[in-house]
Amino acid sequence: MTEATDDSVLIVIDVQNDFCPGGALAVGDGHEVVPAINEMIRRFEHVVLTQDWHPEGHSSFASFHEGKEPFHTTEMHYGEQTLWPDHCVQGTAGADFHPELAWNKAQLIIRKGFRRGIDSYSAFFENDRTTPTGLNGYLRERGLTKLVLAGLATDFCVAYSALDAARLGFDTTVVMDACRAIDLDGSLAAAEAQMREAGVVLTEFEALPA
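Residues numbered from 1 in each chain as written. Predicted model: local features only at pLDDT ≥ 70, side-chain atom pairs only at ≥ 80, totals over all residues. Heavy atoms only, no water.

A. Structural detail: the nonpolar core. Residues Ile-11, Ile-37, Met-40, Phe-124, Leu-139, Leu-147 and Val-174 are the most contacted members of the largest nonpolar core, which totals 59 residues. Of all the elements, helix H3 (residues 154–167) adds the most residues to this core, at 7 residues. Setting aside residues no more than four positions away along its own chain, Met-40 makes contact with Leu-10, Ala-150, Val-175, Ala-178, Phe-205 and Leu-208. (Core = buried A, V, L, I, M, F, W, Y, C linked by side-chain atoms within 4.5 Å. Buried < 20%, exposed > 50% of the residue type's maximum accessible area, 1.4 Å probe, protein only. Helix = DSSP H or I, 4+ residues; strand = E, 2+ residues; numbered from the N terminus. Contact = heavy atoms within 4.5 Å.)

B. The arrangement of the sheet that holds strand E6 (residues 146–152) in detail. Spatially, 6 strands are ordered E5-E2-E1-E6-E7-E8 in an open sheet, and the strand pairing comes out parallel. The strands lining the two open edges of the sheet, one partner per strand, are strand E5 (108–112) and strand E8 (201–203). In this sheet, neighbouring strand axes are inclined to one another by 25 degrees on average, regardless of whether the strands run parallel or antiparallel. Bridge count for strand E2 (residues 47–52) against E5 is 5 bridges, and the pairing is parallel. Its bridge partner being in E5, Thr-50 is matched across the sheet by Ile-110. Together, strand E1 (8–13), E5, E6 and strand E7 (171–180) form the strand contacts of H3, whose direction differs from that of E6 by roughly 170 degrees. (Pairing = 2+ DSSP bridges. Axes fitted to C-alpha atoms, helices over the stretch in contact; angles between N-to-C directions.)

C. Layout of the pairing of E2. Of all 6 residues in E2, 6 are buried, a share of seventy percent or more. Residues of E2 alternate between two faces, with Val-47, Leu-49 and Gln-51 on one and Val-48, Thr-50 and Asp-52 on the opposite face, all of them buried. In this structure, E1 lies alongside E2, joined through 4 bridges in parallel fashion. Across the sheet, Ile-11 pairs through a bridge with Val-48, a residue of E2.

D. Representation of helix H4 (residues 187–197). Along H4, the residues classified as buried are Ser-187, Ala-191 and Met-195. Seen from one end, H4 has its buried residues packed into an arc of 65 degrees, which puts them on one side. Of the exposed residues in H4, the ones pointing more than 90 degrees away from its buried face are Ala-189, Arg-196 and Glu-197. Elements that come into contact with the buried residues of H4 comprise H3, E7 and E8. A positive phi of about 90 degrees marks Gly-199, the residue just after H4. (Arc of directions from axis to C-beta.)

E. Fine view of the packing of H3 against H4. At their nearest, the axes of H3 and H4 sit 10 Å apart, and the two run at 10 degrees to each other. Judged on the interaxial angle alone, H4 and H3 are roughly parallel. Together, Thr-154, Asp-155, Phe-156, Ala-159, Ala-162 and Leu-163 of H3 and Ser-187, Leu-188, Ala-191, Gln-194 and Met-195 of H4 make up the contact between the two elements. Classifying every residue of the contact of H3 with H4 gives 7 nonpolar, 3 polar and 1 charged. (Parallel < 35°, antiparallel > 145°, perpendicular 65-115°, else oblique. Nonpolar A, V, L, I, M, F, W, Y, C, P; charged D, E, K, R; others polar.)

F. Summary view of the environment of Trp-53. Here Trp-53 lies in the loop between E2 and strand E3 (73–76). Taking the relative accessible area as the measure of exposure, Trp-53 reaches 16% and is therefore buried. Spatially, the C-alpha atoms of Trp-53 and Gln-90 are 5.3 Å apart, while their sequence positions differ by 37 residues. Beyond its immediate sequence surroundings of up to four residues, Trp-53 is in contact with Cys-88, Gln-90, Gly-91, Ala-95, Arg-111, Lys-112, Gly-113 and Phe-114.

See below:
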């Protein structure tokens, strides 16, 4: 299990109002991750947050595609894309971090999904799998090689981030009970299997060092 050492970093994925109850793309019980994540923020010296940050009329919004409904899929220039309700629009309350999240300790906030023509689940790459966010370089420059991930949603942004982290050679752990999933058509089970196969450690909050 990764410990909160000098070369470890907590990466908190998208704990934003629109992904919590009452939000535009609410993840079931999404707010329940906040106490555990706040405790992890207290324990870790290094903390990075990601923030979904879409312009109005983003191409991943179902409202952008005539005749399409949320959670349908469509083909984009970079491959298949799930279409979502309008969410985390730049400058709106829905894009803000959950009000109880202790986010002020973050040393870096990676905003993703701000390019209108491409979605971004991973903290490391846009959904074309090649356009970088810059997080890899930041972590390398700071000598942060052990990554602990938590947040929303397990089967999309958390899993994509963890898989990219493992592919890039980072020691990667996901704290599963500090995440919540959307679970579209078995997407949670598929994400868990992919993470395990990639060498990502799946653990629980109580297994973390105090």
